[in-house]
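# Close look at the chain arrangement
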Amino acid sequence: MSERSRRADPWLPDDAECQRLFAGLLDEALDDDELVRLGQILEDRPDAAASLTAMFEIDGLLRCLGATEHAEADGGADLFARQVRARLDEDPELSAKVVARWEAKTRGSGSTRPARPARPVRSGGIRGRTARRGGGVPGGLAAAIAAAAIVGSILTLLALRSDDVPETARVEPTPVEPTPIERPPAPGSVPTPPEPTRDPKTPDPETPDPHATTPDPATPERPTDGEPDAPDPTPDSTPDPTPDSTPDPTPPEPPPTERPTGTVDAPSTIARIRVSAGDLVASRGGAKTTVGGDAERELAAGDEIIMTSIASRALLSYPSGSTFALAGPETTVRLGAPGEPVHLARGRLAATIARPTRRDALKVETPEATIAGAMYHVRTADGTSRVDVTDGTARVVRSRDGKSVRVKAGHFVVVGPDDDKLVAFAGRADDALLVRYRFDEGSGSVARDDSGRGDPLDVHFPADAPVRWVRGGVVLERPTRGESRDPATKIIRAIGQTEEATLEAWLAPADARQQGPARIVTVSGGTDGQNLTLGHGQNNDPLALYVGRFRTSRTDPAGRPTVKTPDGTVTTELTHLVYTRRRDGTATIWVNGREVASGPVPGDTSVWTPGFRLAIGNEFDTLDRGWLGTLRLIAIHGAALGPREIARNFRAGPD
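Notes on the structure follow.

It helps to recall that an α-helix has 3.6 residues per turn; residues three or four apart then point in one direction. Within helix α10 (residues 643-652), burial applies to Ile-646, Asn-649 and Ala-652. Along α10, the residues classed as buried sweep out an arc of 125 degrees about the axis, all on the same side. Across α10 from its buried face, at more than 90 degrees, point the exposed residues Pro-643 and Arg-644. Each element contacted by the buried residues of α10 is listed here: β12 (384-391), β15 (411-415), β23 (501-509), β28 (575-581), β29 (586-591) and β32 (629-637).

The following block contains the structure:
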């Protein structure tokens, strides 16, 4: 069908997606996802269902009947007409049945041939030259009579090819008898379709007949008390009372199997959960079961999952391919019925949604918001939900007022009780990221490098180290050291190429005054040789200041002279600390997004030692440079972040 004809046809919706799917259905060119999408449209939009029915049953068939006089002008048959004729040629039995039905109809109505459609045929409709076939049946006429059978076959294919098609878009997978074509009413009148013929022994199907014209909402439904329809004012359109000569091949459906009294169906499995670390509690109907040790469990709608420890890790997966990575502690998730969101009562999860653009794609619901998208992290606590989008676009709808915002990849939004505006902000500036430690392992002795850049440079603490894991961080309670087992090669090489660096930390010192300087993070070999250091305090003088060192060809082996903040800068509150060194030799320290110190560090990195490793919390050759407090994040970048990027990372927070 041409684009011009689509626009002119009153039975087709203006929606371009509907037109594309209708045309694809006609050409049998829809894949599984498109068939499912068409089924969703037919369920959700009565106007689209009516358009599709009318397009096939009225418009298409009448055009077949009237194609004879327009064939020469239109220049040959289109795809649908060819499909109809090919179907008749391939199936002699169907052709004979069609001829018999048509002859019975024309004898009953006293007519020897169908009347010409009152509505003119447009050039965008079914085109084709009237070809005389065996038995004297005109090709266009045979096409018209068989059109309903082809439509039924295609819609049956739609029902069989996708289990996700809504019930209103399905048809019973039984042979569809072609319905005799009635002469269209005079212009201006509204045709009344006859009641569908069915075997009296066969119960009424639950699924509506896909060939029945959708009734006008303003017209009351016809009572189902067996009374006949009012006769059509056009004599030739009166249904033929003569019964069909061909018996209905559809056998009656068997009666449903009765269940013994008192039996209860087991809940249907809608998802599975696998525990990878720690354990969790699965709750169903008040009964609780502990699951752990790499175990897997089937889940049903209404089941609740509670992560019991800070080290708990689990993966919730659905048959569609959608997954939710859950992490403790106290993360609580409740499964909704199929099609309903996964409810995150508190805690955090990472969502990866299969086919996120579909209407039935899984969503996450928190007490503050509902989230739909592809890949994102959600954290909710203390009446606030935060959504960080890692891929695609997510739509976040605030629960209390229905306001929404679209959040792109690399951005985040916070939904809280006191925020009037719902605004998405750019996430962390990590384009030049080399290593990153979030300290969210919850237990153990390893802080993992989750930067995703090069080989991971994990940091290992001694098995008996005086560290305590808390939610989203690690507490260094007494002097200890976490260190990489391999040289920090990817850091040293990248900074050697750019001559720039950024050391970043989210931390809460146990004491504002520390000395050493106490090592927060360092790439070094000991107290006498450091490539790069971020520290706290001063040697033999506990002060409330931060220091940064960057060794060059014009500094000593420890990176002195040191750039440091004024005394009194440090507090025990959670703080965003950043040290940058630019190629022009300018070094700067930033605290909570503000520049607080700056100084020159000229020279280059040609003197850096390639075999130095990375350490956290202390120096390599001693434990008397120990830093005490809580670490939430440490990151090293191979470029000097600017004021806007530092502000972004400060606004993004430690999570």
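This part covers the side chain of Thr-527. With respect to the helices, strands and loops of the structure, Thr-527 is situated in the loop between β24 (518-526) and β25 (529-538). Those residues within four positions of Thr-527 in sequence are excluded, and the remaining contacts are Arg-519, Ala-558, Glu-619, Asp-621, Thr-622 and Arg-625.

Turning next to helix α9 (residues 489-498). When α9 is considered as a whole, its buried residues turn out to be Lys-490, Ile-491, Ile-492, Ala-494 and Ile-495. Directly beyond the C-terminal end of α9, a positive phi value near 60 degrees is found at Glu-499.

Another point: the pairing of strand β26 (residues 541-550). Most of β26 is tucked away: eight of the 10 residues are buried. Taken together, β25 and the strand that follows it, β26, pair antiparallel across an intervening segment of two residues, in which Asn-540 is found at a positive phi of about 60 degrees. Note: β26 against strand β27 (residues 563-564), two bridges, orientation antiparallel. Pairing of Val-547 across the sheet is with Lys-564, part of β27.

Our focus in this paragraph is the side chain of Thr-502. Examined against the element boundaries, Thr-502 turns out to sit in strand β23. Given the relative accessible area of 0%, Thr-502 is considered buried. Of note is the side chain of Thr-502, whose polar atom sits 3.0 Å from the backbone nitrogen of Leu-641. Residues within four places of Thr-502 in sequence aside, it is in contact with Val-578, Tyr-579, Thr-580, Ala-635, Ile-636, His-637, Ala-639, Ala-640 and Leu-641.

Glancing now at the pairing of β32. Across the nine residues of β32, nine count as buried, placing the element largely inside the fold. As paired elements, strand β17 (residues 433-437) and β32 share four bridges and run antiparallel to each other. Pairing of Leu-433 across the sheet is with His-637, part of β32. Where strand β21 (residues 473-476) lies against β32, three bridges are found, and the strand directions are antiparallel. Looking at β32, one finds that Val-475 is bridged to Thr-630. Examined bridge by bridge, β23 and β32 share eight bridges and lie antiparallel to one another. Paired with Trp-506 across the bridge in β32 is Leu-633.

Core analysis: the biggest nonpolar cluster contains 50 residues, and Tyr-437, Ile-491, Ile-520, Leu-614, Leu-631 and Ile-636 have the highest contact counts within it. By size, the runner-up hydrophobic cluster in this structure holds 38 residues, among which are Leu-299, Ile-353, Val-387 and Val-413.

In this structure the tally under the stated criterion is five aromatic pairs. Relative to Phe-324, the ring of Tyr-318 lies with its centre 6.1 Å away and its plane at 80 degrees, an arrangement referred to as edge-to-face. Among the residues examined, Phe-324 registers a relative accessible area of 0% and is labelled buried. Ring plane angle 35 degrees and centroid distance 6.4 Å describe the contact between Tyr-437 and Phe-439, whose orientation is recorded as tilted. Here Tyr-437 falls in the buried class, since its relative accessible area comes to 0%.

About the cut-offs
Residues numbered from 1 in each chain as written. Predicted model: local features only at pLDDT ≥ 70, side-chain atom pairs only at ≥ 80, totals over all residues. Heavy atoms only, no water. Buried < 20%, exposed > 50% of the residue type's maximum accessible area, 1.4 Å probe, protein only. Helix = DSSP H or I, 4+ residues; strand = E, 2+ residues; numbered from the N terminus. Arc of directions from axis to C-beta. Contact = heavy atoms within 4.5 Å. Pairing = 2+ DSSP bridges. Polar contact = N/O pair within 3.5 Å; in protein donor to acceptor, adjacent residues only side chain to side chain. Core = buried A, V, L, I, M, F, W, Y, C linked by side-chain atoms within 4.5 Å. Phe/Tyr/Trp six-rings, centres within 6.5 Å; stacked < 30°, edge-to-face > 60°.

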